[in-house]
Every structure is written in structure tokens, then in C-alpha cells.
Amino acid sequence: MAGTGEFVEADNAEAIITRIEHKSRKIESLLKQYKHVEALKTALEGSPPNTRDERCKSANWIVVHRAIMAIKDVDGMFSSLDPEYYDILMKYLYRGLSTGDRPTCDQCLRIHEKLTERAGLGCILRSLADIVNTV
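The structure displayed is predicted, hence computed values, not measured ones. (Residues numbered from 1 in each chain as written. Predicted model: local features only at pLDDT ≥ 70, side-chain atom pairs only at ≥ 80, totals over all residues. Heavy atoms only, no water.)

### Digging into the packing of helix α1 (residues 13-32) against helix α2 (residues 36-44)
Working step 1: Axis separation between α1 and α2 bottoms out at 8 Å; the angle between their running directions is 170°. Overall, the two elements α1 and α2 adopt an arrangement that is roughly antiparallel. Each of Lys23, Lys26, Ile27, Leu30 and Leu31 in α1 lies in contact with α2, whose residues at this interface are His36, Glu38, Ala39, Thr42 and Ala43.
Working step 2: Taken together, the residues that form the contact of α1 with α2 break down as five nonpolar, two polar and three charged. (Axes fitted to C-alpha atoms, helices over the stretch in contact; angles between N-to-C directions. Helix = DSSP H or I, 4+ residues; strand = E, 2+ residues; numbered from the N terminus. Parallel < 35°, antiparallel > 145°, perpendicular 65-115°, else oblique. Contact = heavy atoms within 4.5 Å. Nonpolar A, V, L, I, M, F, W, Y, C, P; charged D, E, K, R; others polar.)

### Let's talk about the confidence of the model for the protein
Working step 1: Here the protein shows a mean pLDDT of 90. Residues at 70 or above account for 92%.
Working step 2: The element-level mean pLDDT for the protein is lowest in helix α4 (residues 74-80), coming to 93, with helix α6 (residues 102-119) highest at 97.
Working step 3: Low confidence marks residues 1-5, where pLDDT is under 50. Its contacts with residues over four positions away, or in another chain, come to two contacts. (pLDDT = per-residue confidence, 0-100.)

### Quick look at the pattern of salt bridges
Once the charged atoms of two side chains with opposite charge are near each other, the side chains can pair.
Working step 1: In total, this model carries seven salt bridges according to the counting rule given.
Working step 2: For Arg126, the salt bridge is made with Asp87, and the minimal N-O distance between the two is 2.7 Å. Of this pair, Arg126 sits in helix α7 (residues 121-129) while Asp87 sits in helix α5 (residues 86-99), and the two are 39 residues apart along the sequence.
Working step 3: We classify Asp87 as partly exposed; its relative accessible area is 26%.
Working step 4: Arg102 is paired through a salt bridge with Asp106; the nearest N and O atoms lie 3.4 Å apart. Separated by four residues within a single helix, Arg102 and Asp106 lie in helix α6, roughly one turn from each other.
Working step 5: The class for Arg102 is exposed, based on a relative accessible area of 61%.
Working step 6: Within this structure, Glu14, Asp53 and Arg55 form a network of salt bridges that share partners. (Salt bridge = Lys/Arg side-chain N within 4 Å of Asp/Glu carboxyl O. Buried < 20%, exposed > 50% of the residue type's maximum accessible area, 1.4 Å probe, protein only.)

### Some details on the nonpolar core
Working step 1: With 38 residues, the main nonpolar core has Leu40, Ile68, Met77, Phe78 and Leu89 as its most contacted residues.
Working step 2: Of all the secondary structure elements, the ones that give two or more residues to this core are α1, α2, α3 (54-70), α4, α5, α6 and α7.
Working step 3: Sort the elements by how many residues they give to this core and α3 lands first, with eight residues.
Working step 4: Among residues more than four places away in sequence, those in contact with Phe78 are Tyr86, Leu89, Ile111, Lys114, Leu115 and Arg118. (Core = buried A, V, L, I, M, F, W, Y, C linked by side-chain atoms within 4.5 Å.)

### With respect to α5
Working step 1: Here α5 contains 14 residues, and its C-alpha end-to-end distance of 20 Å stays within 8% of the 20 Å for a straight helix at 1.5 Å per residue.
Working step 2: Those residues of α5 that sit buried are Tyr86, Ile88, Leu89, Met90, Lys91, Tyr92, Leu93, Arg95 and Gly96.
Working step 3: The secondary structure elements touched by the buried residues of α5 are α2, α3, α4, α6 and α7.
Working step 4: Positive phi appears at Gly100, one or two residues downstream of α5, with a value of about 80°. (Expected span 1.5 Å × (residues − 1).)

### Considerations on unusual backbone geometry
Working step 1: For Tyr34, which is not a glycine, the phi torsion comes out positive at approximately 60°.
Working step 2: You can see Tyr34 is positioned in the loop between α1 and α2.
Working step 3: Accessibility expressed as a relative area gives 66% for Tyr34, which makes it exposed.

Laid out in C-alpha cells, this is it:
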């Protein structure tokens, strides 16, 4: 499989978790300052972690989920969010939809609608076709 050598082995999972915890603290600080889009950008940076370790993926999802749920003005979010984040955001929206949690699904669907309007169907296809960078 292409890209397999780039994944971090389980013995480095603790280092990845430590980076995610640091990112989480930064996001909480941004959210307290009502900088929701900056918090989302920070959450999406470096995502998904280059590991197959589910603990890392789950820890990173929690951080991204916190930022996604804080977004109140979806239209305003897209006026500030760079297109480079669209594909990875779409992946996390699908992860959110897979939880079955009503508030999470509602928020993910609101963002999904606006993201699809802005980024087009290609964003959906790229996020579903990318089996190497799983979230």
C-alpha cells in the first residue's frame, strides 16, 4: 500500500498523544477567546496523525470534535477557512456522522451542506477515496 512507510509505529504513539494534548490546550484557549475558526484550523492542522494507532486517532477526533461543535456561524466560518482544510474537514464530518450522536450529526450536516456548496462534489469524493489518511 502506498504511504505505508510514513506511518508512525505504536511505540511513538505516546509522543503523538502528547502533541494532541498540547493542541487540545491551545484549542481550548482559542475557544475561550471566541476564536472558533482559529480553533478549527488548529484542530485540523497535522490531521490525521500518521499512525494506525486507534488511541491517537480517537484523541485527535475528540479535539477536532470540540472545535466543530463550537462553530456557530457556519457561513462565517467558510469566509475565514482556507480551502486547504476542506478535504480533511470533510473526513472529520463523516466521522462525526458515524457516531450517531444527534447534536454531533446535526452540526456535521449543517457544515457538510455549506462545505459541499463551497468545495463541490470533488471534496466528497476525495475524502471517501483516500484510504491512506483515515481519521
